[in-house]
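Chain by chain, the residues:
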Amino acid sequence: MNWLVDNSVANMRGPMFLAFFAGVTFILIITCRSYLRSLDQTRNRPSPHVPPEPSPREITYLRGGKNELLRLLILELVQRGYLQVKEDSINRAHHHPDAGYLGEVERACFNFFCTETPIRGLFDGPATNLLDPWCAELETRAREEELLLDDSIRSRARNVFATSLVLLLGLAGYKAVVALSRGHFNLGFLMMMTIAAGIILRLVCWANAPRLSARGREFIERLQVTLSRFKPSLFRRPNPETIETNLLLIASVFGLAALHRTTYAHCSKAFAKAAAPQTFADGGTGSGCSSCGSTSSSSSSGSGCSSGGSSCGGGGCGGCGGGD
């Protein structure tokens, strides 16, 4: 059994072993990255088609999930005069239009804010749960279009990371035991390299198993290129009597930070505050109510998450152009 403590690895001097450890780490990183990238078969699919009238809600959910969808819905209701966003809270606007003109998903969001609701921590609370039924529909549609990465791939990424980390910890631990048995206690560099290697491996594994598939990322990128020419229109004062689909669409593609020079900049700032960590001094997050403010179901305008009654949304940008 002497070979366990008397072999080429065990007998390596400190600097040589650190170089060997770095080489093993590099090989693991490249292997993990290549393996995880190979699992995304959408890289070999044809480029996604950009519809002439893309739906802001579908794009928002695809890009940022249900929290981002809730932000867009609040922005839409602010535009339409149903909600008002203050520095620290959201509540219903005074003299808001008849809620009967709202669709089902808009009404659910509107009803939630029947009382003034603190904005800090809003997107970690029950508000996002209101959107679960519509998010499930959007999730299914996105997966059918292969725009989202399969959950099994993300699970594999966790397994790949765990396996790689065990290998690195085993190699480092083995060398540490041998070194200690020989009276060498200068293990600081090895410990730091092991920690750094673990962090890098985690970043690599998570970066190559994102929520969006390669096809989904390409779709968002093509939308950003196509819609970039509409950005200047954001800086004109909007007509409060209409929904500016252009603004909603650009916010859905570029994020709400695109509103920073518009009349809705206060919404962007408030949403950023809502995402900030909550402290004990802030108190609990107030919750709205989903049952107050009844509206007539017969006045619902179309299905849940489509801006204009169809799944491809309610246009208004003069046609974004459909790339092949």
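Starting afresh in each chain, residues are numbered from 1 along the sequence in its written order. Only residues with pLDDT of at least 70 are given local features in this predicted model, and only at 80 or more are side-chain atom pairs given and counted; all residues enter the totals for whole chains, interfaces and linings. Hydrogens and water are ignored here; the side-chain numbers use all heavy atoms of the structure.

Draft legend 1. Representation of the sheet that holds strand β1 (residues 83–85) in the model. Paired strands are those between which DSSP finds at least two bridges. Only DSSP runs of H or I covering at least 4 residues are called helices, and only runs of E covering at least 2 are called strands; the numbering of each starts at the N terminus. Strand order in this open sheet of three strands is β1-β2-β3, and the pairing throughout is antiparallel. Edge positions in the sheet fall to β1 and β3 (117–118), since each has one partner strand and no second. Inspection of the sheet shows strand β2 (residues 89–92) paired to β3 by two bridges, in the antiparallel sense. The residue bridging Ile90 from the neighbouring strand is Thr117, located in β3.

Draft legend 2. Fine view of the nonpolar core. Residue types Ala, Val, Leu, Ile, Met, Phe, Trp, Tyr and Cys, when buried and joined through side-chain atoms within 4.5 Å, form a set referred to as a nonpolar core. Under the scheme applied here, a residue whose accessible area is under 20% of the maximum for its type counts as buried, over 50% as exposed, and between as partly exposed, the area being computed with a 1.4 Å probe on protein chains only. One finds Ile74, Leu75 and Ile90 to be the most contacted residues of the largest nonpolar core, which totals 38 residues. Looking at this core, the elements with two or more residues in it are α2 (56–79), β1, α3 (104–112), α4 (132–144), α8 (245–254) and α9 (265–274). Ranked by residues supplied to this core, first place goes to α2 with nine residues. Grouped together as the second largest cluster of nonpolar side chains are 24 residues, Leu149, Leu201, Val204 and Ala209 included.

Draft legend 3. Molecular detail of the pattern of salt bridges. In the sections that follow, a salt bridge refers to a side-chain nitrogen of Lys or Arg positioned within 4 Å of a carboxyl oxygen of Asp or Glu. Following the criterion strictly, the structure yields 13 salt bridges and no others. The shortest N-O distance in the salt bridge between Arg141 and Glu58 comes to 2.3 Å. Of this pair, Arg141 sits in helix α4 while Glu58 sits in helix α2; the two residues are 83 residues apart in sequence, bridging distant segments of the chain. The partly exposed category is assigned to Arg141, whose relative accessible area is 22%. Salt bridges linked by common partners bring Arg57, Glu76, Arg80 and Glu106 together as one network.

Draft legend 4. Representation of the pairing of β2. Pairing of β1 with β2 involves three bridges; the strand directions are antiparallel. When the bridges of β2 are listed, Val85 appears paired with Ile90. In this structure, the hairpin formed by β1 and β2 is closed by a connection of three residues.

Draft legend 5. Fine view of α2. Multiplying 1.5 Å by the helix residue count minus one yields the expected span of that helix. With 24 residues, α2 extends only 14 Å from end C-alpha to end C-alpha; this falls clearly short of the ideal 34 Å at 1.5 Å per step. Maximal helix bending in α2 amounts to about 135°, located at Gly64. Most of α2 is tucked away: 19 of the 24 residues are buried. Count one or two residues on from α2 and you reach Gly81, which has phi positive near 85°. A residue's bend is simply the angle between two axes: one fitted to the seven residues ending at it, one to the seven starting at it.

Draft legend 6. Region of interest: unusual backbone geometry. One non-glycine residue with positive phi stands out, namely His95, at about 60°. By secondary structure assignment, the location of His95 is in the loop between β2 and α3. A relative accessible area of 83% means that His95 is categorised as exposed. Positive phi, close to 60°, is recorded for Glu146, a residue that is not glycine. In this structure, Glu146 sits in the loop between α4 and α5 (151–181). By relative accessible area, which is 27% here, Glu146 ends up partly exposed.

Draft legend 7. Inspection of the packing of aromatic side chains at higher detail. Any two rings among Phe, Tyr and Trp, with Trp reduced to its six-membered ring, count as a pair given centres within 6.5 Å; such a pair is stacked if its planes are under 30 degrees apart, edge-to-face if over 60, and tilted if neither. In this structure the tally under the stated criterion is five aromatic pairs. Each ring, one from Phe17 and one from Phe20, has its centre 6.1 Å from the other, and the planes form 45°; the classification is tilted. Of the two residues, Phe17 and Phe20 are both situated in helix α1 (residues 14–39); the distance of three residues between them amounts to about one turn of the helix. Centroid distance Phe161 to Trp206: 5.5 Å. Interplanar angle 85°. Geometry classified as edge-to-face. In this pair, Phe161 is assigned in helix α5 and Trp206 in helix α6 (residues 188–207), connecting sequence segments 45 residues apart. Classification of Trp206 as partly exposed rests on a relative accessible area of 35%.

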